[in-house]
Amino acid sequence: MCRIVGGFEIEENGLKNNIEKMRDTMINGGPDDCGIIIKDEIVLAHRRLSIIDLSCYSHQPFCDDRYILVFNGEIYNYKEVAKTLQNKGVNCVARSDTEVLLSSFRHWGATCVEYFEGMFAFVIYDSLERKLYLFRDRFGVKPLYYYYDSHCFLFASELKALMAYPKLQKKIDEVALSYFLELGYIPAPFSILKNAYKLEQGHYLQIDLENIKKQGLEKAIKKVRYYDVKSYYRINNCFDSVCFQEKLHRSVSLRMVSDVNVGVCLSGGVDSSLVCAVLKESGYDFETFSISFMESSFNEGNYAKKIANILGVKNHQFLCSLEEAQNIIPSLPWIYDEPFGDSSAIPTLLLVQNIKKTHKVALSADGGDELGLGYDRYFWAFYRYRKYQKYKNLSFLLKILNPEIMVKLLQQCGLKVGIDKFLRIKGQLDSKSFLEHYLVEITHLRREGLRANGLPILNKWQIFDSDGLDYFKQMSYFDLQNYLSEDILTKTDRASMNVGLEMREPLLGKELVEFMVSLNPLENLIKQEDGQVISGKRIFKKYLERFLPRELIYRPKMGFGIPLEQWMRGNLRHLLDEILPYAHGYLDGRFLEKLIGDFDRGERVDFAKIWYIYIFCAWRKEWNI
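It should be emphasised that the depicted structure is a prediction, and the values quoted were computed from it without experimental measurement.

**Brief notes about the UniProt feature "active site" (unreviewed entry) in the protein chain**
Turning to step 1, where the next piece is worked out: Mapped onto this numbering, the UniProt entry annotates "active site" (unreviewed entry) at Cys2.
Turning to step 2, where the next piece is worked out: Position of Cys2 relative to the elements: it lies in strand 1 (residues 2-9).

**Some points on the pairing of strand 11 (residues 203-208)**
Turning to step 1, where the next piece is worked out: Most of strand 11 is tucked away, with 6 of its 6 residues classed as buried.
Turning to step 2, where the next piece is worked out: As paired strands, strand 7 (residues 131-136) and strand 11 are joined by 5 bridges and run antiparallel to one another. By the bridge assignment for strand 11, Tyr133 is matched with Gln206.
Turning to step 3, where the next piece is worked out: Pairing geometry for strand 11 and strand 12 (residues 221-225), over 5 bridges, is antiparallel. Following the sheet pairing, Tyr204 is matched in strand 12 by Val224.

**So, the sheet that holds strand 12**
By definition, the strands of a sheet pair up through backbone hydrogen bonds, in either a parallel or an antiparallel sense.
Turning to step 1, where the next piece is worked out: The antiparallel open sheet is built from 6 strands, whose spatial order is 4-5-6-7-11-12. Two strands lie at the open edges of the sheet, namely strand 4 (62-63) and strand 12, each paired on one side alone.
Turning to step 2, where the next piece is worked out: Sheet topology places strand 4 next to strand 5 (residues 67-75); 2 bridges connect them, and they run antiparallel. In the strand pairing of strand 5, Cys63 is matched with Ile68.
Turning to step 3, where the next piece is worked out: Contacts from helix 3 (residues 97-108) reach strand 4, strand 5, strand 6 (118-126) and strand 7, with the element oriented near 125 degrees to strand 5.

**Things to note about the nonpolar core**
One broad rule of soluble globular proteins: the nonpolar side chains tend to lie buried together.
Turning to step 1, where the next piece is worked out: One finds Phe116, Phe122, Phe244, Leu248 and Met516 to be the most contacted residues of the largest nonpolar core, which totals 101 residues.
Turning to step 2, where the next piece is worked out: For this core, the leading source of residues is helix 10 (residues 270-281), giving 7 residues.
Turning to step 3, where the next piece is worked out: Apart from the residues lying within four places of it in its own chain, the contact partners of Phe116 are Ile75, Asn77, Val81, Leu101, Ser104, Phe122 and Arg138.
Turning to step 4, where the next piece is worked out: With 89 residues, the next largest nonpolar core counts Leu154, Leu349, Met568 and Leu587 among its residues.

**Concerning the packing of helix 20 (residues 434-442) against helix 22 (residues 471-481)**
Turning to step 1, where the next piece is worked out: Relative orientation of the contacting elements helix 20 and helix 22 amounts to 55 degrees, with a least axis distance of 10 Å. With respect to helix 22, the element helix 20 is oriented oblique. As helix 20 packs across helix 22, the resulting crossing turns out to be right-handed. Residues Phe434, Leu435, Tyr438, Leu439 and Ile442 of helix 20 lie in contact with helix 22, whose contacting residues are Tyr471, Gln474, Met475, Phe478 and Asp479.
Turning to step 2, where the next piece is worked out: When the residues that make up the contact of helix 20 with helix 22 are grouped by side-chain class, the tally is 8 nonpolar, 1 polar and 1 charged.

**Re helix 29 (residues 589-600)**
Turning to step 1, where the next piece is worked out: Between the first and last C-alpha of helix 29 there are 16 Å, a value that for 12 residues agrees with the 16 Å anticipated at 1.5 Å per step.
Turning to step 2, where the next piece is worked out: By the burial criterion, the buried members of helix 29 are Phe591, Leu592, Leu595, Ile596, Gly597, Asp598 and Phe599.
Turning to step 3, where the next piece is worked out: Tucked inside the fold, the buried residues of helix 29 contact helix 21 (447-452), helix 27 (564-568), helix 28 (574-579) and helix 30 (607-623).
Turning to step 4, where the next piece is worked out: At the N-terminal end of helix 29, a side-chain oxygen is found 3.1 Å from the backbone nitrogen of Arg590, two or three residues along, and the residue is Asp588.
Turning to step 5, where the next piece is worked out: With its phi angle positive at about 80 degrees, Gly602 sits one or two positions after the end of helix 29.

**Observations concerning the packing of helix 18 (residues 403-412) against helix 19 (residues 419-429)**
Packed helices, taken two at a time, are described by the angle their axes make and the gap between the axes.
Turning to step 1, where the next piece is worked out: Running from N to C, helix 18 and helix 19 point in directions that differ by 110 degrees, and their axes come no closer than 10 Å. Classified by the interaxial angle, the pair formed by helix 18 and helix 19 is roughly perpendicular. As helix 18 runs across helix 19, the sense of the crossing is right-handed. Across the interface between the two elements, Pro403, Glu404, Met406, Val407 and Leu410 from helix 18 touch Ile419, Phe422 and Leu423 from helix 19.
Turning to step 2, where the next piece is worked out: Along the lines of polarity and charge, the residues of the contact of helix 18 with helix 19 split into 7 nonpolar, no polar and 1 charged.

**Brief notes about the environment of Asp342**
Turning to step 1, where the next piece is worked out: Structurally, Asp342 can be placed in the loop between helix 13 (332-336) and helix 14 (345-355).
Turning to step 2, where the next piece is worked out: For Asp342 and Ile42, which are 300 residues apart along the polypeptide, the C-alpha to C-alpha distance reads 36 Å.
Turning to step 3, where the next piece is worked out: Setting aside residues no more than four positions away along its own chain, Asp342 makes contact with Gly184, Tyr483, Asp487, Ile488 and Lys491.
Turning to step 4, where the next piece is worked out: Of note is the side chain of Asp342, whose polar atom sits 2.6 Å from the side chain of Ser344.

**Details of the domain arrangement of the protein chain**
Turning to step 1, where the next piece is worked out: The assigned domain composition of the protein chain is domain 1 (2-227), domain 2 (229-561) and domain 3 (563-624).
Turning to step 2, where the next piece is worked out: Here the C-alpha centroids of domain 2 and domain 3 sit 25 Å apart.
Turning to step 3, where the next piece is worked out: With 31 residues of domain 2 in contact, the opposing surface of domain 3 contributes 26 residues.
Turning to step 4, where the next piece is worked out: Taking both partners together, domain 2 and domain 3 bury about 2,600 Å²; carbon and sulfur atoms supply 68% of that area.
Turning to step 5, where the next piece is worked out: When the buried area of domain 2 at its contact with domain 3 is split by residue, Leu322, His444 and Asn453 rank highest and sum to 21% of it.

Conventions used here
- Residue indices begin from 1 for each chain and proceed along its sequence in written order.
- This being a predicted model, a pLDDT of at least 70 is required before a residue's local features are given, and a value of 80 or more before pairs of side-chain atoms are given or counted; all residues contribute to the totals for chains, interfaces and linings.
- Note that water and hydrogens are dropped before the side-chain values are worked out from all heavy atoms of the structure.
- UniProt positions are given in the numbering used here, feature names are shortened, and annotations may be inferred rather than shown by experiment.
- A helix here means a DSSP run of H or I that spans at least four residues, while a strand means a run of E at least two residues long, and both kinds are numbered starting from the N terminus.
- Summary of the burial criterion: residues with accessible area below 20% of their type's maximum are buried, those above 50% are exposed, and those between are partly exposed, where the area comes from a 1.4 Å probe applied to protein chains only.
- Between any two strands, at least two bridges found by DSSP are needed for them to pair.
- Contacts are residue-level and defined by heavy atoms, with any inter-residue pair within 4.5 Å sufficient.
- What counts as an axis is a line fitted to C-alpha atoms, over the stretch in contact for a helix, and the angles between N-to-C directions run from 0 to 180 degrees.
- Take the buried Ala, Val, Leu, Ile, Met, Phe, Trp, Tyr and Cys residues and link them wherever side-chain atoms come within 4.5 Å; each set so joined is a nonpolar core.
- When an angle is under 35 degrees it counts as roughly parallel; over 145 it counts as roughly antiparallel; between 65 and 115 it counts as roughly perpendicular; any other value is oblique.
- By convention, the crossing between two helices is left-handed when the near helix turns anticlockwise from the far helix through less than a right angle, and right-handed when the turn is clockwise.
- We call Asp, Glu, Lys and Arg charged. Ala, Val, Leu, Ile, Met, Phe, Trp, Tyr, Cys and Pro are nonpolar, and the rest, Gly among them, are polar.
- A helix is expected to span 1.5 Å for every residue after the first.
- In the analysis that follows, any N or O atom pair within 3.5 Å is treated as a polar contact, provided that within protein one partner can donate a hydrogen and the other can accept it, and provided that, for residues neighboring in sequence, both atoms belong to side chains.
- Throughout the structure description, domain borders are defined by an automatic or database domain assignment.
- Buried area, as used here, totals the accessible surface that two parts lose on assembly, with accessibility defined by a 1.4 Å probe and the loss added over both.

Spelled out as structure tokens, the structure:
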């Protein structure tokens, strides 16, 4: 697990002079070693967190007489890949996954990624053909940004490393800002800065340096999609318990390959309990780590402790209090280095800080909700869509009526509806497809809010191909492609790497993911007697019945939220007043005044909008943009 940065300039020398500073902005993610190589006009730099092969043999940049590699992540099946290479006559000694990765590229070229089980972002320079390759793993576990203009091409694990390049043009991309205020994260390929991008999951870039002078830099960059899980979503298999157990155990066990101790995050929910149960069944020794809250409606700590006791593993609990949150919130803009609105980053940061005191590697349970159809919003969206089909003809009326007036009239009639709920209903009645209906369900600052702030209303999702998929599969596929990689996995990656902790994803093994998404959705849904779906993760829960009592398995989902709105109405209220001047130039003053006023008066307000605006303003202040 590491951090990488590099690139090249066109007729300039600033990168060579600044690469060390750029690299060391990410020192927390790679405190154990570092290196820089300059070859031709290419500059490659690396910071290392030693997990597999603790010797200096895997020092990076890692190179031979032709190729130079910088690599962030882990190839869990590297020994299997080495055997495959050896059977093909390739001399490959599997001392580290770094060595196997380079040997694989040398033999197979860009198709080497098809053999890897793991999380990775890596860059290889081919000095013979003068080509630069950038890869990101199948599900976007590890990040990779890149930036280019007429003067340079840069890449880095984190945006802060790019922003340390003195000639970088730091201008906010308003399209990315729109997506952030809608979703709370910025989906790939966008980033908050113009000319800067996230490489999408399952993609690689190839830059032909010989063609730059002939065609220009932009035409010399080729993007290739090497993996798309969509073909597996189009299958509707029946469940096979033996196959499931085999793929689940392999996925989890591979993530235990390490030369240091591995801990496990245990929330008390289904997914993390499943990971712990599989590890216990496989005979591993491990300790678990949990977050608790004083507020009972957010606290799963007691459940985590009960589960740990039943499984016979040690559980460490840490309290996320208001005081802890106050200490963490100011650090969010630096750690995430572009606006990031998932407030569960706060307890995540507290958790990893404490795990790091005794461990360098921990397992999460990210991806379980997408694979097992576990989000409550899936069911809200499904039932609302079926219900609203009866009232589609009302959508034209809602378009011409003033939303504020309509809300007041409805409230006078005794209906508990606020402006945000009204706009959701309006947007969903007007939706042209189920996926569009779902997107209204999960967005916060919707079209009306973007329009009020003069922000662009561009729909990246219009080109999102989910044709032929069941409604539940459409939602799962969308989230796997966007929310999982650019929110959930981003949250854990930045938090853990900020303290030099490697976080692994035992539920995201390639074969397990493909097995789960290929199932008929009904296999994963739990139904009431009248036939109505009430929850997901049927397969996970059924497996857990072998280890835990039903009352711990079949309880209502709580998620990993925090009482942030409650805190912001009290001791944290001053944060808004201190930061709102940084909204100037991007957000409308009258819109903000009304939104904050409604919040202070206790009216029905989507608090996520307020938090996202706070985060954007705090980010502008931190980075002086």
